[in-house]
Amino acid sequence: MIFTHDIDVLTGEFRRKRELSRSHPPARPAHHEGWSPSSWRRFPAKQLPVYPDADALQCYEHQLQQSPPLVLAAEIRHCQQQLAQVAEGRAFLLQGGDCAESFADCQSTSVRDHVLTMEQMAALIHQATGLPVLKIGRIAGQFAKPRSQPEETVGEITLPSFRGEIINDREFSANGRTADPQRMVRAYHHSASTLNLLRALDKSMFSFYTAQQQESLHTGVTEQYYRMLRAQLEDSYHRVSNKLPRQPLFTSHEALLLNYEEALTRRDIAHGGWYNCSAHMLWLGERTGDLDFAHVEYLRGIANPVGIKCGPGMTGEKLLALITRLDPQGTPGKIVLIARMGLDQIHAKLPALLQAVKASGHPVVWVIDPMHGNTRTAGSGQKTRTFTTIVEEMQVFTTLLHRYGIHPGGVHVEMTGLEVTECTGGLQQISEQDLSHRYYSACDPRLNRTQALELAYLLGKSWQNTD
Ligand code: PEP
Ligand code: CO
């Protein structure tokens with residue numbers, strides 16, 4: 001009898017559970033079938049390091065899984081709502097920061113100067129376009145790099161390439177170039193301290209801005225340009241601060257090191273859905289965008305906004321397949337298409353993509369990355385980019401999108417708030433000979449502070465001309 005009673009109770013309990021689950025939203029939407037934070041492991045993957053010590057890897061992954069999220073699901077939803085405004089043509093996206101952050105660079109001054117520069121760029125863009133500017137940094141987690149060559153040879157010695165400080169070291173030694181999983185935990189802590197400063201600066205930005213703007217603009221800028229830019233900034237900042245609520249700086253990085261991304265993925269118990277809590281926005285890089293591969297598999301399951309880099313090899317068909325895989329429901333602001341064709345290819349390659357996506361009706365954001373298609377090697381062997389080429393690709397993008405009746409939603413740049421000498425040209429007329437003076441980038445050449453402000457100023461000008 002007791003046995004039967006137990007069975008009855010158990011059966012009743014079971015039924016109640018099923019009824020409950022029916023009246024609640026399903027744990028996983030139908031299009032997430034088969035997905036879990038670790039399902040990418042069943043797919044072929046490109047650009048992932050081979051860790052020699054599998055036990056150590058598991059141990060550090062576990063440590064990260066137990067760590068607090070860096071950003072919250074509610075903030076991620078807020079970021080996406082802002083991106084939805086961009087998709088509708090009512091806002092502009094400024095995304096910028098290092099090609100590769102380095103642990104040593106996460107100091108207060110470089111973070112502060114980055115924030116200040118982004119803020120001033122946003123003010124210039126706002127003044128010219130009249131649109132609110134959403135700022136997303138390539139910051140607080142941009143530590144992993146895809147590489148075209150898996151190995152690097154110096155003299156007689158060949159070693160694995162540097163893949164970003166979350167994976168290995170820049171130092172050209174066997175030890176330095178070995179993938180070390182403990183670096184994931186270091187990257188997490190560096191991201192946390194950068195975010196801490198970003199949040200503090202966000203709160204105190206008004207007084208911070210006015211105190212800094214006078215002297216910081218002087219560095220390396222001609223007197224005439226200084227006067228012009230300062231007048232613009234004073235005027236635009238006055239307008240921004242009076243009319244718009246201050247927006248936080250959101251964070252983003254390439255979703256490349258999937259072990260790290262998986263470990264920072266959390267389920268939002270209150271609202272449902274999985275969020276990557278290491279950044280507000282993530283993007284799919286040019287080298288890892290194959291449809292049935294691991295990176296796309298991971299990104300299809302998270303609720304964060306996702307960028308897709310679109311290089312010259314992208315076709316309309318492939319892009320639509322990616323968009324549908326990553327956002328089958330057509331959520332406004334979920335997908336950010338980042339064109340990175342290069343000035344010599346954008347005319348030939350971008351229109352087909354613009355037309356295909358427009359015809360699909362998917363509510364995407366289109367932005368231009370005028371950096372990655374325009375990298376060249378200087379006489380010294382250093383990687384560089386020419387300022388006029390960068391600006392020209394950005395202007396072609398704006399013109400083309402206006403021509404197709406699409407909102408040119410933003411710009412994605414590699415930049416720093418420091419006066420480095422990594423890209424040639426601009427008002428400081430940086431020459432190839434100057435590159436060695438302050439070339440600090442851990443990977444690709446960045447716009448320096450003056451070039452970044454000038455780019456924002458010229459972006460505004462070209463917008464006004466084509467509007
Ligand atoms: C990057 O954004 O640093 C990068 C590597 O870009 P892409 O994937 O477009 O080459
Ligand atoms: Co880069």
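Our subject is the structure that appears above.
Presented here is an overview of the structure given in this document. (Residues numbered from 1 in each chain as written. Chains lettered and ligands numbered in written order. Predicted model: local features only at pLDDT ≥ 70, side-chain atom pairs only at ≥ 80, totals over all residues. Heavy atoms only, no water.)

## Details of the site of ligand 1
Item 1. In the vicinity of ligand 1, the contacting residues are Cys99, Arg138, Lys145, Pro146, Trp283, Gly285, Glu286, Arg287, Lys309, Arg340, His372 and Glu414.
Item 2. Between ligand 1 and the protein, one listed contact pairs an oxygen atom with a side-chain N or O atom of Lys145 at 2.7 Å.
Item 3. Residue His372 places a side-chain N or O atom 3.0 Å away from an oxygen atom belonging to ligand 1.
Item 4. In isolation ligand 1 has 300 Å² of accessible area, and contact with the protein removes 98% of it.
Item 5. Taken together, the residues of the shell around ligand 1 break down into 3 nonpolar, 2 polar and 7 charged. (Near = heavy atom within 4 Å. Polar contact = N/O pair within 3.5 Å; in protein donor to acceptor, adjacent residues only side chain to side chain. Areas by Shrake-Rupley, 256 points an atom, 1.4 Å probe, with all protein chains shown as cover. Nonpolar A, V, L, I, M, F, W, Y, C, P; charged D, E, K, R; others polar.)

## So, the environment of Leu57
Item 1. For Leu57, the position within the fold is in helix H2 (residues 54-65).
Item 2. With 125 residues separating them in the primary sequence, Leu57 and Gln182 have C-alpha atoms 7.6 Å apart. (Helix = DSSP H or I, 4+ residues; strand = E, 2+ residues; numbered from the N terminus.)

## Quick look at the nonpolar core
Item 1. Of all hydrophobic cores here, the largest spans 98 residues; its most connected members are Ile308, Leu319, Leu337, Leu350, Trp366 and Leu447.
Item 2. Among the elements that line this core, the one with the most residues is helix H12 (residues 387-403), at 8 residues.
Item 3. Membership of the second largest hydrophobic core comes to 14 residues, among which are Val86, Phe250, Ile338 and Val365. (Core = buried A, V, L, I, M, F, W, Y, C linked by side-chain atoms within 4.5 Å. Buried < 20%, exposed > 50% of the residue type's maximum accessible area, 1.4 Å probe, protein only.)

## Describing the sheet that holds strand S9 (residues 306-310)
Item 1. Ordered in space as S1-S2-S5-S8-S9-S10-S11-S14, the 8 strands form a closed barrel in which the pairing is parallel. Pairwise comparison of adjacent strand axes, ignoring direction, gives a mean angle of 25 degrees for this sheet.
Item 2. One ladder, built from 6 bridges, connects strand S1 (residues 92-97) with strand S2 (residues 133-138); its direction is parallel. Across the sheet, Gly97 pairs through a bridge with Arg138, a residue of S2.
Item 3. Against the sheet, helix H11 (residues 343-360) touches S9, strand S10 (335-339) and strand S11 (365-368), its axis set at about 170 degrees to S11. (Pairing = 2+ DSSP bridges. Axes fitted to C-alpha atoms, helices over the stretch in contact; angles between N-to-C directions. Contact = heavy atoms within 4.5 Å.)

## Description of helix H10 (residues 316-326)
Item 1. Residues Gly316, Leu319, Leu322, Ile323 and Leu326 constitute the buried set of H10. For H10, the angular spread of buried residues about the axis comes to 130 degrees, placing them on one side.
Item 2. Close packing links the buried residues of H10 with strand S8 (281-284), helix H9 (294-300), S9, S10, H11 and S11. (Arc of directions from axis to C-beta.)

## Observations concerning the coordination of the cobalt ion (ligand 2)
Item 1. Within the protein, Cys99 (SG), His372 (NE2), Glu414 (OE) and Asp444 (OD) serve as the donor atoms for the cobalt ion (ligand 2), at 2.1 to 2.4 Å.
Item 2. Written as a sequence motif, the donor residues of the cobalt ion (ligand 2) are C-x272-H-x41-E-x29-D. Here the residue His372 occupies a position in the loop between S11 and strand S12 (376-377), and Asp444 occupies one in the loop between strand S14 (408-414) and helix H13 (449-466), the gap between them amounting to 72 residues. When sorted by exposure, His372 lands in the same class as Asp444, which is buried. (Donors = N, O, S within 2.8 Å, 3.2 Å for Na, K, Ca; no water.)

## What to know about the side chain of His280
Item 1. Mapped onto the elements, His280 comes out in the loop between strand S7 (274-276) and S8.
Item 2. Only 2.9 Å separates the side chain of His280 from the backbone nitrogen of Thr251, close enough to count as a polar contact.
Item 3. Those residues in contact with His280 that sit more than four places away from it in its chain are Val71, Glu75, Ile76, Cys79, Phe250, Thr251, Asn304 and Pro305.

## Let's talk about the side chain of Arg266
Item 1. Structurally, Arg266 is set in strand S6 (residues 265-267).
Item 2. It is Glu262 that comes nearest to the buried, bridge-free Arg266 among opposite-charge side chains, at 9.3 Å.
Item 3. At a separation of 2.6 Å, a polar atom in the side chain of Arg266 contacts the main-chain carbonyl oxygen of Ser67. (Lys, Arg positive; Asp, Glu negative; His and termini not counted. Salt bridge = Lys/Arg side-chain N within 4 Å of Asp/Glu carboxyl O.)

## Section: the pattern of salt bridges
Item 1. Evaluation of the coordinates by the stated rule reveals 20 salt bridges.
Item 2. The shortest N-O distance in the salt bridge between Glu88 and Arg90 comes to 2.7 Å.
Item 3. Overall, the relative accessible area of 45% leaves Arg90 in the partly exposed class.
Item 4. Between Arg112 and Asp113 there is a salt bridge, and its shortest N-O distance comes to 3.0 Å.
Item 5. A relative accessible area of 26% places Arg112 in the partly exposed class.
Item 6. Overall, Asp113 belongs to the buried group, its relative accessible area being 15%.
Item 7. Among the charged side chains, a salt-bridge network with shared partners connects Arg138, Lys383, Arg385, Glu414 and Asp444.

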